[in-house]
Amino acid sequence: MSVRGRRVGILGHLGRTQVRREAVRLRDMLARKGAVVRLERELAAAVSSTGEPLDVLARWCQVMISLGGDGTVLTAGRALAGRKGVLLAVNMGGLGFLAAAEGREVDEAVAAALGGKWHTATRTGVETRIRRGGSGRAKPMGFALNDAVIRSATSYSAMHMRVAALGQDLGHLVADGLIAASSSGSTAYSLSAGGPLVAPNLDSLVVTPACAHALGSRSLVLAPGSLVSVRVMSPGPALLVMDGQETEDLGKGDEVELQLARARVRVF
């Protein structure tokens, strides 16, 4: 498959000089080969160039190259959810569990991906909604590629929550938080909290209490379409945190709905 005419977007970690240099080098190299390359707007500004907002870039590109650690991959993945573009994650950061290639392999990885030598896969994510005060229509909050977490906003003190799943009331949970992870996110916070390892190609929602105050609290592994409902019972402020990057405020009585998202992320 020829690189000529392929639409390539590049997203990078802004705090790393190496990433900025590599983004410019990749852009120029791919442009010489006939690809149409655009940088994400903030990355472009950091190298004195012009670029596109991430959501516009995600709609436009056929391939998005992320340069950085897992945080950059998660940002790119949320932008590409439900899009046709494919994510090529190159680790140029500290943690690169989600990366398809290391920084020293970037040229080989880009050539293989754009040349049609690498197969693509799909990853599921977690869809989140909030019903304020526990009544009315639940409002969509967003997509998390790894996990959505409900926790206290002010401290590590335990939260009181009422949890329901599969149409059944599972009772009163007292824990530091609740983690709803996709299969690919099962190796992140959920694993640290004692959750199971799940193959990334298995469509499942892993629900794990974080530091539960009961010996009987265990993870749930649920099928696509299963809905988990969590009502905040604690009086203090709480948060819904998506991929550790995007947050929504929660208060007493708010109800969070969590389930596997229909939108997928295509990855190399």
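Counted under the stated rule, the structure contains zero aromatic pairs. Lying across the ring of Trp-60, Arg-38 places its NZ or CZ 4.1 Å from the centre.

A few words now on the packing of helix α1 (residues 17–32) against helix α5 (residues 106–114). Interhelical geometry of α1 versus α5 gives an angle of 40° and a closest axis separation of 12 Å. In this view, α1 runs oblique relative to α5, as classed from their interaxial angle. In this structure, α1 meets α5 at a crossing whose hand is right-handed. Only Val-106, Asp-107, Val-110 and Leu-114 of α5 make contact with α1, whose side of the interface consists of Glu-22, Arg-25, Leu-26, Met-29 and Leu-30. A per-class count over the contact of α1 with α5 returns six nonpolar, no polar and three charged.

What follows is about the sheet that holds strand β10 (residues 159–165). Spatial strand order, β8-β7-β18-β15-β10-β11: six strands in an open sheet with antiparallel pairing. Among the strands making up the open sheet, the edge pair consists of β8 (139–144) and β11 (168–175). Across the sheet, the axes of successive neighbouring strands diverge by a mean angle of 25°, strand direction being ignored. Pairing analysis gives five bridges linking strand β7 (residues 126–131) to β8, with the strands arranged antiparallel. Bridged to Arg-129 within β8 is Pro-140.

Another aspect to go through is the sheet that holds strand β13 (residues 205–210). Pairing in this open sheet of six strands is antiparallel, and the strands run β14-β13-β12-β9-β16-β17 from one edge to the other. Both outer strands of the open sheet, β14 (220–222) and β17 (246–250), are each paired with one neighbouring strand and no more. Mean inter-strand twist for the sheet, computed between neighbouring axes without regard to direction, equals 15°. Pairing of strand β9 (residues 147–152) with strand β12 (residues 177–181) involves five bridges; the strand directions are antiparallel. Looking at the pairing, Ala-148 lines up with Ala-180 of β12.

What counts and how
- Residues numbered from 1 in each chain as written.
- Predicted model: local features only at pLDDT ≥ 70, side-chain atom pairs only at ≥ 80, totals over all residues.
- Heavy atoms only, no water.
- Phe/Tyr/Trp six-rings, centres within 6.5 Å; stacked < 30°, edge-to-face > 60°.
- Lys NZ or Arg CZ within 6 Å of the ring centre and 35° of its normal.
- Axes fitted to C-alpha atoms, helices over the stretch in contact; angles between N-to-C directions.
- Helix = DSSP H or I, 4+ residues; strand = E, 2+ residues; numbered from the N terminus.
- Parallel < 35°, antiparallel > 145°, perpendicular 65-115°, else oblique.
- Left-handed = near helix turned anticlockwise from the far one by under 90°.
- Contact = heavy atoms within 4.5 Å.
- Nonpolar A, V, L, I, M, F, W, Y, C, P; charged D, E, K, R; others polar.
- Pairing = 2+ DSSP bridges.

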